Amino acid sequence: MNNAVSSTAGDGIDHIASCLLPTQWATFTLHGFQDGEGKEHVALTLGEFKPDDAVLVRLHSECLTGDALFSLKCDCGFQLEAALAAIAAEGRGALLYLRQEGRGIGLINKIRAYHLQDAGADTVEANEQLGFPADMRDFGIARGMLAALHIHRVKLMTNNPQKIDSLREIGIDVVERVPLEVGENPHNVDYLRTKADKMGHLLSH
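Residues numbered from 1 in each chain as written. Predicted model: local features only at pLDDT ≥ 70, side-chain atom pairs only at ≥ 80, totals over all residues. Heavy atoms only, no water.

## Description of helix 7 (residues 189–199)
Count 3.6 residues to each turn of an α-helix, and residues three or four apart come out pointing the same way.
Here is step 1 of the chain: For helix 7, every residue scored as buried is listed here: Tyr191, Leu192, Thr194, Lys195 and Met199. For helix 7, the buried positions fall inside an angular range of 155° around the axis, keeping them on one side. For helix 7, exposure combined with an orientation more than 90 degrees from the buried face picks out Asp190 and Asp197.
Here is step 2 of the chain: Lining the buried residues of helix 7 we find helix 2 (76–90), helix 4 (123–129) and helix 6 (161–169).
Here is step 3 of the chain: Positioned one or two residues after helix 7, Gly200 has a phi angle of 75°, which is positive. (Buried < 20%, exposed > 50% of the residue type's maximum accessible area, 1.4 Å probe, protein only. Helix = DSSP H or I, 4+ residues; strand = E, 2+ residues; numbered from the N terminus. Arc of directions from axis to C-beta. Contact = heavy atoms within 4.5 Å.)

Put into C-alpha cells, the structure is as follows:
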C-alpha cells in the first residue's frame, strides 16, 4: 500500500480504514474517512509522496447521476475517469471523492434542480429557484484528508479557479492548475456554457 495514513486527519476528519482497489487504470489504495457530521468520504492514492512533492490531485464532488448512472447532462463522470487515468499515467497522485452531491444540495434536491433545468432553467438558476446558493460545497474537508495522506503541495486537476482560491485560502499550496476538459456532448453544452459564463470556469469552448 501507499504511505502510512494519519488516523486523525484534522478539521474534524478521521481516517477509518484503507485497502487496495484494482481498477482498469491501476491498483489504487482506497482510504475511507468520516467527517464530524458522520458523512463518509474516500480518497484513492497511487505511489509514494515525499513532503515537498507537488502531487497530482483531483477534488471530485460526488455526482451519482454522472459518475454511476452515466448521465450526459454534466461532465462529472468523464472528469472522474480522466482524472484516474491521468494519475495512473503519472504513476502517483490522489483523487479525493467528496460526498457533496449537487454542489452540496443533496441528491433529491439535485433531481428537483434537474426538473427545473428540463423546464429551461440553467444549473445556477435551478439551485437559486430552490433557495440554495449556486455552490454550497465545503472544500475544508479536503484539507484534513490531504494532511492525513501527507500531501502538502498539489497540482490540481480543475477548470474552476474558485476552487483553487478556496484551497489556497485554507492553507493548501496549489502550485499548478491542470486543465480537465472532457466529455462535451449535445446534452451538456448549455451546462458547460453556464459553468464558464456564470461560475468562471476556464473552458476553451
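## A short note on the nonpolar core
When a protein is soluble and globular, its nonpolar side chains tend to lie buried together.
Here is step 1 of the chain: Ranked by internal contacts, the top residues of the largest apolar core, which has 24 residues, are Val57, Leu59, Leu96, Met145, Ile151, Val154 and Leu156.
Here is step 2 of the chain: Within the residue set of this core, elements represented by two or more residues are strand 5 (54–61), strand 6 (93–98), helix 5 (140–148), strand 7 (153–157) and helix 6.
Here is step 3 of the chain: Among the elements that take part in this core, helix 5 stands out by supplying five residues, more than any other.
Here is step 4 of the chain: When neighbours within four sequence positions are excluded, Val57 is seen to be in contact with Ala94, Leu146, Ile151, Val154, Lys155, Leu156 and Met157.
Here is step 5 of the chain: Of all hydrophobic cores here, the second largest spans 13 residues; its members include Ala83, Leu84, Ile87 and Tyr97. (Core = buried A, V, L, I, M, F, W, Y, C linked by side-chain atoms within 4.5 Å.)

## Here's the deal with the environment of Ser204
Here is step 1 of the chain: Within the fold, Ser204 resides in the segment after helix 7.
Here is step 2 of the chain: Assessed through its relative accessible area of 67%, Ser204 is described here as exposed.
Here is step 3 of the chain: C-alpha of Ser204 to C-alpha of Asn159: the two residues are 45 residues apart in sequence and 9.9 Å apart in space.

## With respect to the confidence of the model for the chain
Here is step 1 of the chain: Averaged over every residue, the pLDDT of the chain is 90; the share at 70 or more is 94%.
Here is step 2 of the chain: In the model of the chain, strand 1 (residues 8–10) stands out as the element of lowest mean pLDDT, 51, in contrast to strand 6, which has the highest, 98. (pLDDT = per-residue confidence, 0-100.)

## A closer look at the side chain of Glu101
Here is step 1 of the chain: Positionally, Glu101 belongs in the loop between strand 6 and helix 3 (107–118).
Here is step 2 of the chain: Excluding residues that lie within four positions of it along the chain, Glu101 makes contacts with Glu62, Cys63, Leu64, Gly106, Leu107 and Lys110.

## Here's the deal with a nonpolar patch on the surface
Here is step 1 of the chain: A cluster of nonpolar side chains, contributed by Leu64, Leu69, Leu107, Ile108 and Ile111, occupies part of the molecular surface with about 440 Å² of accessible area.
Here is step 2 of the chain: Examining the composition of the nonpolar patch, we find that three residues originate from one element, helix 3, more than from any other.
Here is step 3 of the chain: Its location among the elements puts Ile111 in helix 3.
Here is step 4 of the chain: Residue classification places Ile111 among the partly exposed positions, given a relative accessible area of 47%. (Patch = residues over 30% accessible without salt bridge, like charges linked within 9 Å, V, L, I, M, F, W, Y side chains within 5 Å. Areas by Shrake-Rupley, 256 points an atom, 1.4 Å probe, with all protein chains shown as cover. Salt bridge = Lys/Arg side-chain N within 4 Å of Asp/Glu carboxyl O.)

## Topic: the pattern of salt bridges
Here is step 1 of the chain: Taken as a whole, this structure holds nine salt bridges when the rule is applied.
Here is step 2 of the chain: The closest approach of N and O atoms between Lys155 and Glu90, which form a salt bridge, is 2.8 Å. Residue Lys155 is located in strand 7, and its partner Glu90 is located in helix 2; the two are separated by 65 residues in the primary sequence.
Here is step 3 of the chain: Glu90 sits in the partly exposed class, given a relative accessible area of 38%.
Here is step 4 of the chain: Of the charged contacts, one joins Arg137 and Asp135 as a salt bridge, the two residues approaching to 2.7 Å between their closest N and O atoms.
Here is step 5 of the chain: Residue Arg137 is classed as buried on the basis of its relative accessible area, which comes to 18%.

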